[in-house]
Amino acid sequence: MIQLAPLMVALALGQTDPYVRSRVDAGNTNTQCLYWTATSVTWQQSTYGNPATQGDTEFDAIRRSFQSWQNIFTQCGNLVLTEGPRVDDRQVGYKRTGDNRNLVLFRDRDCTTVVPSTDACWDNDTCANTFDCWEDDDNTIAITLTTYDERSGIIYDSDISFNAARFQFTTADGPTCFPPVTTNCVATDVQNTATHEIGHFIGLDHTRAAGSTMNPSAPPGEVSKRTIDSGSRDFVCVVYPKGMASQACLHPVMEKELGPKGGGGCAATGPGALLPALAAWALWLARRRREEVPR
Ligand SMILES: [Zn+2]
């Protein structure tokens, strides 16, 4: 117990930092941070959208969320987030071949209601893609699935899924909805949710700092996360500095040459370091989920 105490204190302090970077091993500061080395990242919305949201307003709400981050990147960052055309794609995760996309989509069926409990997809975590359904916890509002190199922390793909099977997503301004949900009130706000998830998309983890967009809880009616807080803003300016390479946490990053951008970043340790990195690359991609819950 005594040995655990300092760790618990450290965790408690870390939870209220202005921002917390996602790590290869969540919360373990001895492991690399997750970050993009690309200078331009294209994201795309699934054409299906969310039929339960009034009109097609969910598409614009998500666009506004990315724009909020892009405004900061334009001021002090090095990354351009660009919306690509809407696609019929319903597959999250990283595709090594063919068209890999950074996809934003709503799942409006719960896998438990459409997939037999004996289906092998439950063991493989493949139900969501196979049956186009929400596979994660009922209480999770949305989830960002990130694929990254486990050693370098370099992100190759991020996909955002909304749990429309359980939550009523709205785009209105106004008071919190009391059932029934109307067009003039806020149930679970799309832009509020998306702004938070895009934080994960670019490498932020949760913090319990007051007023942070990256606070893990989101009560019904909340819209405050639409506005990105100063701590999360600092993350962009520090980790993705304008005119400079994106910043790793640990040095050296041997795999820097393998990132989508290449070039910048921390110095490699020499030609010898690159070869094992190349050989191991295919074996080291990992996936991480980050979610938001109502509390
Ligand atoms: Zn989250």
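Residues numbered from 1 in each chain as written. Predicted model: local features only at pLDDT ≥ 70, side-chain atom pairs only at ≥ 80, totals over all residues. Heavy atoms only, no water.

A. Expanded view of the overall build of the protein. Check the secondary structure of the protein and you find eight helices and 10 strands. Residues classed as buried in the protein amount to 50% of the 295 residues present. Relative to all contacts within the protein whose residues are 6 or more apart in sequence, the contacts with residues 24 or more apart total 66%. For the protein, the exposed area adds up to about 13500 Å²; of that, 55% sits on carbon and sulfur atoms. (Helix = DSSP H or I, 4+ residues; strand = E, 2+ residues; numbered from the N terminus. Buried < 20%, exposed > 50% of the residue type's maximum accessible area, 1.4 Å probe, protein only. Contact = heavy atoms within 4.5 Å. Areas by Shrake-Rupley, 256 points an atom, 1.4 Å probe, with all protein chains shown as cover.)

B. Spatial organisation of the environment of Asp 125. Its location among the elements puts Asp 125 in the loop between α4 (121-124) and α5 (127-131). Taking the relative accessible area as the measure of exposure, Asp 125 reaches 38% and is therefore partly exposed. Considering only alpha carbons, one finds Asp 125 and Asp 136, 11 residues apart in sequence, at a separation of 9.2 Å.

C. Broad picture of the state of the cysteines. Under the definition given, this model contains five disulfides. Here Cys 33 pairs with Cys 249 through a disulfide, and the sulfurs are 1.8 Å apart. Because the sign of the S-S torsion sets the handedness, a value of about -85° for the bond joining Cys 33 and Cys 249 places this disulfide among the left-handed ones. Separated by 216 residues along the polypeptide, Cys 33 in the loop between β1 (20-21) and β2 (40-45) and Cys 249 in the loop between α7 (230-239) and α8 (271-280) bring together distant segments of the chain. Assessed through its relative accessible area of 25%, Cys 249 is described here as partly exposed. With its sulfur 2.0 Å from that of its partner, Cys 76 forms a disulfide with Cys 237. Taking the sign of the torsion about the S-S bond as the criterion, the disulfide between Cys 76 and Cys 237, at about -65°, is left-handed. With Cys 76 in helix α2 (residues 57-76) and Cys 237 in helix α7, this residue pair connects regions lying 161 residues apart in the sequence. The class for Cys 76 is buried, based on a relative accessible area of 17%. Using a relative accessible area of 27% as the deciding quantity, one classes Cys 237 as partly exposed. With its bonded cysteines labelled in order along the sequence, the protein shows the pairing 1-10, 2-9, 3-6, 4-5, 7-8. (Disulfide = S-S within 2.5 Å.)

D. A look at the pattern of salt bridges. The full count for this structure, using the stated rule, is 10 salt bridges. One salt bridge in this structure joins Lys 95 and Asp 89, with 3.2 Å as the shortest N-O distance. Measuring nitrogen to oxygen at the nearest pair gives 3.7 Å for the salt bridge that ties Arg 101 to Asp 99. Judged by its relative accessible area of 19%, Arg 101 is buried. You can call Asp 99 exposed: its relative accessible area is 53%. Taken together, the shared-partner salt bridges in this structure form one network comprising Asp 89, Lys 95, Asp 99 and Arg 101. (Salt bridge = Lys/Arg side-chain N within 4 Å of Asp/Glu carboxyl O.)

E. Quick look at the confidence of the model for the protein. With 81% of its residues at a pLDDT of 70 or more, the protein has an overall mean of 85. Counted against residues more than four places away or in other chains, residues 1-11, with its pLDDT under 50, gives zero contacts. For residues 255-283, every residue scores under 50 in pLDDT, and the model assigns this stretch 52 contacts once sequence neighbours within four places are set aside. (pLDDT = per-residue confidence, 0-100.)

F. Molecular detail of α7. Along α7, the residues that are buried comprise Gly 231, Ser 232, Phe 235, Val 236 and Val 239. Taken end-on, α7 shows its buried residues confined to a sector of 150°, consistent with a single buried face. Its buried side turned inward, α7 meets β1, α2 and β9 (204-205). A distance of 3.1 Å separates the backbone nitrogen of Gly 231 from a side-chain oxygen at the start of α7, and that oxygen is part of Asp 229. (Arc of directions from axis to C-beta. Polar contact = N/O pair within 3.5 Å; in protein donor to acceptor, adjacent residues only side chain to side chain.)

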